[in-house]
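# Tertiary structure, described
Listed below are the residues making up each chain.
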Amino acid sequence: MGITIPTGTLAASTARINGRFFAAALFLCVTLLVGVGAASLFLHEALTLNARQLLAADLRLQATLVIPPPGTLPPTLSTFAEQHIAGHGRHLSPSLEFRAMARVAGSERTTLVEVKAVAADYPLRGQLHLDNGASLPAVLSQGGVVVEKTLLSRLGLRVGDTLWVGDAPLTIAATLAHEPDRITHLFSLGPRLIMALQQVPETGLLQTGSRVTQILSVRLREGEKATEVAETLRAAATTAGIRLITPEQSQPSVRRFVRRFALFTGLTALLTLLVGGVAMTAAMGAYLHDSRATLAILKVLGAENRQIMTLVVGSLLRLAWPAALAGGISGILLPALLPPLLPGLFPEGALYQPSLWLAGAGMVMGLLFSLLCAIGPLWWSRSLSPAHLFRTTDWREALQPTGPGGWMGVWALLTVIASALGVTAWSGEAQFGWLFAAGLLVLILVTWGMARALLGGLGRLSPRRYYWRLAIRTLLRRGEPYGTLLMALGAGLGLVAALLFLEDALHQQLVSRVPLRMPSFFFIDIQEDQRATFQEIAQQYAAPYPDAIRLFPTVRGRLLGGVGVTDDPDQPQSWRKAREYVLTRTATLPAGNRLLAGNWWSSPTAQEASVEVEMAKALGLGVGDRVTFDIQGHPVSATVANLREVRWSDLGINFFVIFSPAVLQETPGVSWNHLASVVAPVEQEAALLMAMNDRLHNVTAVATRSVLESVQALLQQLARAARFLGGGAVVAGLLLLGVSVAASRRRRRHAIALYRLIGSSRAEVTRIVAAEFALLGLLAALIGVIIGHLVTALVIEGLLRDLWHFNPWLTLATFVGGSTLLFATGLIGSYRESSEPVMALLRRTGGG
Amino acid sequence: MGLLGPSGSGKSSLLALLAGVEHPTQGHVQVNGVRLDGLSADALALFRRQHLGIVFQDFHLVPTLTAWENVALPLDLAGQPESRPRALEMLARMGLAPRSNHRPGELSGGEQQRVAIARAFISRPALILADEPTGNLDQDTSRQVIDLLFSCAAQWGSTLFLVTHDPQLAQRADRCLRLVDGQLTDLPAPMEQA
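Residues numbered from 1 in each chain as written. Chains lettered and ligands numbered in written order. Predicted model: local features only at pLDDT ≥ 70, side-chain atom pairs only at ≥ 80, totals over all residues. Heavy atoms only, no water.

### Notes on empty space enclosed by the protein
Heads up, the rule is: Think of a 1 Å grid over just the protein atoms. A cavity is a set of points where a 1.4 Å probe fits yet cannot get out, a pocket is an open set with protein on both sides within 12 Å along at least five of seven lines, and lining residues have an atom within 4 Å of a point. Grid points are joined across faces, edges and corners, and a volume is the space filled by probe spheres set on the points. Segments assigned H or I by DSSP are reported as helices when at least four residues long, segments assigned E as strands when at least two residues long, and all are numbered from the N terminus. Gly counts as polar in this scheme, as do all residues outside two lists: the nonpolar Ala, Val, Leu, Ile, Met, Phe, Trp, Tyr, Cys and Pro, and the charged Asp, Glu, Lys and Arg.
This structure, assessed with the given rule, holds 4 cavities of 30 Å³ or more. Estimates place the volume of the second largest cavity at around 90 Å³. In this structure, the second largest cavity is lined by Val300 and Leu301 of chain A together with Arg48, Arg49, Leu52, Gly53, Ile54, Pro74, Arg119, Ala120, Ser123 and Pro125 of chain B. Of all the secondary-structure elements, those providing two or more residues to the lining of the second largest cavity are helix 2 (41–51), strand 4 (52–55) and helix 5 (109–121) of chain B. A total of 3 residues in the lining of the second largest cavity trace back to one element, the largest contributor, which is strand 4 of chain B. Within the lining of the second largest cavity, the residues separate by chemical class into 7 nonpolar, 2 polar and 3 charged.

Structure representation (structure tokens):
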């Protein structure tokens, strides 16, 4: 049986207006959802573009092996490259890194250098700068080499002089000003020397048994994504003992930021969707509320529930599709605003290409979500009894859903399930999704509890002023939507507040906490007997900042094993086992570190270790396990006393493993040296370097400021991007809440008409309405602020594993702003009703 | 059939029970040979669509639809063809042909009630429930509406169940009942009273 009820049947004038609110909420919701998604993708592309300059490639393959014949690439990496990477429009550039002694002919001066032998096309991404402005390929093709300035001062050489590496005399053609991928190799043992790959055989250094790091830099085909390519190669690379590095992994602070940024944008989209859900449900509820008489008439005329459903869903889709389409289109246009706002992140002329696919997906999602939001009110319409049409008095008031608030529960449950599925799909982790859903359910229950408690408390009040009394009675009246509205507004405002608090926390974490100045140099290989001299020189030149000089005793060691450390070479953590760790020992927890499990040293004599939490996770280590390192030929064991979180955004010296002071105390023959960072005023840097070279010849200085500042600049740009996205989401969230209030206050029209009919003046009606919305705004803002902090604390402590801080000013601003917005929206919206002629108002409220 | 009774005596409840929109707490309801208690909501809707027409005191027209669309609604719900010409024909029978494209808000009370009567009779139901159909109308219009109701019921052979406060109006029915304190009693037929 086909249904041919006219499609405009439900569009009564009041319902039509609420339909507009619904459409506005959906438009905002889809705009923001698509906008955040598209902006996030666009930003990620820009970030990858920036980050790959830190890697000098799109993808880097690295294997530290003992290799045979000198010359070309050792077989392992070249074979792997031929089998798995070559072709497909990709460009490969091999290079080698090894340590060698550099010496000056006819002199006893020697020093260890970190040699990097590169092909003519190095770097594949980013720029390498030489102090004399020459180009690297030109220098290398003429047989010259490039060195760090430290090397010159250490060996007493100048540009143009010759030094020897192995059997090869090499002419120093220039000094290095900026090496793009220096960040991947900060903890080096000596100054950098860059030479041409084809010159390596002349040195005669790569004999059988030599230790060399082979590197294969890859420039991917246009459109290829490094993370995706890396994923396809990972299993084979792990088996072959090759480490894959994507741009995001090139530096811990960048890697962590990317993760947090993705988490933040994802949460922004989800929270917006939930606020949108609150607004759409409120608007849909009001729409159906205004259509209830029509639905009752249809029922009494013999319409089956299926026909009612078809009619309602048809009307809903008719309202929804233009809004969803417009939202999708405006959403994909939003990221076009980013390049002018974040010029540092986007290169000049960066072209944003809107994704129609994303707009389409956002539109479909918006339509599905609006259907989800309508399920509750639709369920309510099933239980709507037309019997009241036979009552000639006040039948409109009587046409209430059976079990008030019941649909809210159904909707809440559906939202929780849908959110869990959404988060699961987004994060790819089912556990995370269900945790999110559980958190959301708790949140709904807390909101419900708080709304009930506040309304209960309100019921005990009996103010003298009539308008406050009337306002309280209205809020408490059975059948009025205010209880549900209070809960919805409280939850909605809570989610908006959470966005605000989260963005503030992210900003604090990324921008405010980084040091005022990046370390100018890292100094490596300071011997125990040089410590005093080093400190004397450093204090002379260091900037007057706390922690301007940081000094740690270090040894190098390889992980031999431990409880929970598997020996399976196929496991992805195998590179963690193969790598060389820089280890330290300290009596106190270093700044920027936080204990997550266990305790700091149990006693001064304890043989204990503190392990960075992500490393512990990857290796399956827990508190109480034992780890063993090969340190200068000695197996050294320690019990894991605690797991530690490291604030990598500090961009300072941090360690994966820290020993207690007693470790290695008794081991003979193990010598410690020191690693230090010094922040110096820019104009003092050259003098500091010279003084160090003069008095501590063997100490290697790595100029870190420019590299770390570029990382910091990148993080700051992204923090600004997060602020932009978060700010946009907050504004849209507030607009959505405004829609919720506007939709609901239309239900007050009948009451306003009655007040006017019994002789209330416009001012008196305004006072009553103002009192209602003042109470509603204050209560909802109170719930919102509490919910906001609860969500923020859960996300920061639970997901970001950071410390949650209470920001009183932001809390106060959110409370005042939220309550004022709700109050103003309600009052302004009711202005028309309080000034309209009474009969016209009554006629409109009677329209069904 | 006419039903008289004071306010609060249960007249509307009885109509709601007959329409199958309320369920009896005791006993059962049988209309036109069909027991209503125990039927599902959709089965009751189908029953109303096939057997009942209802005229309310407040008219209860869908405000967004035109007069002819309101009248055609029961046919549309039943998926019957030719709903528009049949609705227009019915409106012409009510003397409302020139007003067929007007919405309820543009019609007078009497006109709205005539549209409601047309909607009630469009499916030729066996039973018409009329709940104080003249309660909101003036005397002249009331008379016209009642004449129309009786003539339509006679023309299409429908039983008219008329709830009213007006004893004179009730006496136009073949059988007259009084409902007081939930007790239904037969009133003497007009001839007997005479």
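### Notes on the nonpolar core
Condition: The term nonpolar core refers to a set of buried residues drawn from Ala, Val, Leu, Ile, Met, Phe, Trp, Tyr and Cys, joined through side-chain atoms within 4.5 Å. Here's how the labels work: a residue is buried when its accessible area is under 20% of the maximum for its type, exposed when over 50%, partly exposed in between, all with a 1.4 Å probe on protein chains only. It only takes one pair of heavy atoms within 4.5 Å for two residues to be counted as in contact.
Core analysis: the biggest nonpolar cluster contains 78 residues, and Met280 of chain A together with Leu129 and Phe161 of chain B have the highest contact counts within it. The element best represented in this core is helix 1 (residues 13–55) of chain A, accounting for 16 residues. When neighbours within four sequence positions are excluded, leucine 129 of chain B is seen to be in contact with Leu15, Leu18, Ala19, Leu52, Gly53, Ile54, Val55 and Phe161 of chain B. Formed by 43 residues, the second largest nonpolar core is a distinct cluster that contains Leu267, Ala471, Leu486 and Val791 of chain A.

### Overview of the confidence of the model for chain A
Convention followed: Confidence scores per residue from the predictor, reported as pLDDT, run from 0 to 100.
The predicted model of chain A averages 76 in pLDDT, with 73% of residues at 70 or higher. Strand 5 (residues 144–147) of chain A holds the highest mean pLDDT among the elements of chain A, 93, whereas helix 12 (residues 395–398) of chain A holds the lowest, 45.

### What about the packing of aromatic side chains?
Threshold: Aromatic pairing here means that ring centres of Phe, Tyr or Trp (its six-membered ring) are within 6.5 Å. Orientation follows from the plane angle: under 30 degrees is stacked, over 60 is edge-to-face, and everything else is tilted. Criterion for a charge above a ring: Arg CZ or Lys NZ at most 6 Å from the ring centre, at most 35 degrees from the ring normal.
In total, this model carries 10 aromatic pairs over all chains according to the counting rule given. When the centroid spacing of 6.3 Å and the interplanar angle of 90 degrees are considered together, the rings of tyrosine 581 of chain A and phenylalanine 656 of chain A count as edge-to-face. In this pair, tyrosine 581 of chain A is assigned in strand 13 (residues 580–585) and phenylalanine 656 of chain A in the loop between strand 17 (634–646) and strand 18 (657–659), connecting sequence segments 75 residues apart. You'll find tyrosine 581 of chain A and phenylalanine 656 of chain A in the same group, each marked buried. By the ring-pair criterion, three or more aromatic residues cluster together here, those being Tyr581, Phe629, Phe656 and Phe659 of chain A. When the ring centre of tryptophan 672 of chain A is taken as origin, the NZ or CZ atom of arginine 585 of chain A, which lies over that ring, is 4.1 Å away. Above the ring of tryptophan 68 of chain B, the side-chain terminus of arginine 84 of chain B is found at 4.8 Å from the ring centroid.

### Some details on the side chain of asparagine 70 of chain B
Here asparagine 70 of chain B shows up in helix 3 (residues 67–77). With relative accessibility at 1%, the residue asparagine 70 of chain B sits in the buried group.

### Side note on the sheet that holds strand 4 of chain B
Residue and element names in this part refer to chain B. Short version of the rule: We call two strands paired when DSSP finds no fewer than two bridges between them. Axes here refer to lines fitted to C-alpha atoms; in helices the fit is confined to the stretch in contact. Angles between the N-to-C directions go from 0 to 180 degrees.
Strand order in this open sheet of 6 strands is 4-5-6-1-7-8, and the pairing throughout is mixed. In the strand order of this sheet, the two ends are held by strand 4 and strand 8 (183–187), each with one partner. Pairs of neighbouring strands in the sheet enclose a mean axial angle of 20 degrees, with direction left out of account. Running at roughly 150 degrees to strand 5 (residues 127–131), helix 1 (residues 11–19) makes contact with strand 1 (2–4), strand 4, strand 5, strand 6 (159–164) and strand 7 (176–180) of the sheet. Across the sheet, helix 5 lies against strand 4 and strand 5, angled at about 170 degrees from strand 4, the strand it touches most.

### Let's talk about the environment of alanine 72 of chain B
All names here are of chain B. Tracing the backbone through its elements, the reader meets alanine 72 in helix 3. For alanine 72 and isoleucine 122, which are 50 residues apart along the polypeptide, the C-alpha to C-alpha distance reads 7.5 Å. Excluding residues that lie within four positions of it along the chain, alanine 72 makes contacts with Ser83 and Ala87.

### Here's the deal with helix 8 (residues 292–300) of chain A
Residues and elements named next belong to chain A. Within helix 8, 9 of the 9 residues are buried, which leaves the element mostly enclosed by the surrounding structure. Those residues of helix 8 not exposed but buried are Arg292, Ala293, Thr294, Leu295, Ala296, Ile297, Leu298, Lys299 and Val300. A positive phi of about 105 degrees marks glycine 302, the residue just after helix 8.

### So, the pattern of salt bridges
Applied cut-off: Any Lys or Arg side-chain nitrogen located within 4 Å of an Asp or Glu carboxyl oxygen qualifies as a salt bridge.
Overall, the coordinates contain 20 salt bridges over all chains when judged by the stated rule. Between arginine 695 of chain A and glutamate 536 of chain A there is a salt bridge whose closest N-O contact spans 3.2 Å. Taken together, the residues arginine 695 of chain A in helix 20 (residues 685–695) and glutamate 536 of chain A in helix 17 (residues 531–541) connect sequence positions 159 residues apart. Since its relative accessible area comes to 42%, glutamate 536 of chain A is described here as partly exposed. The closest approach of N and O atoms between arginine 143 of chain B and aspartate 140 of chain B, which form a salt bridge, is 3.0 Å. Of this pair, arginine 143 of chain B and aspartate 140 of chain B both sit in helix 6 (residues 139–156), 3 residues apart, which is roughly one turn of that helix.

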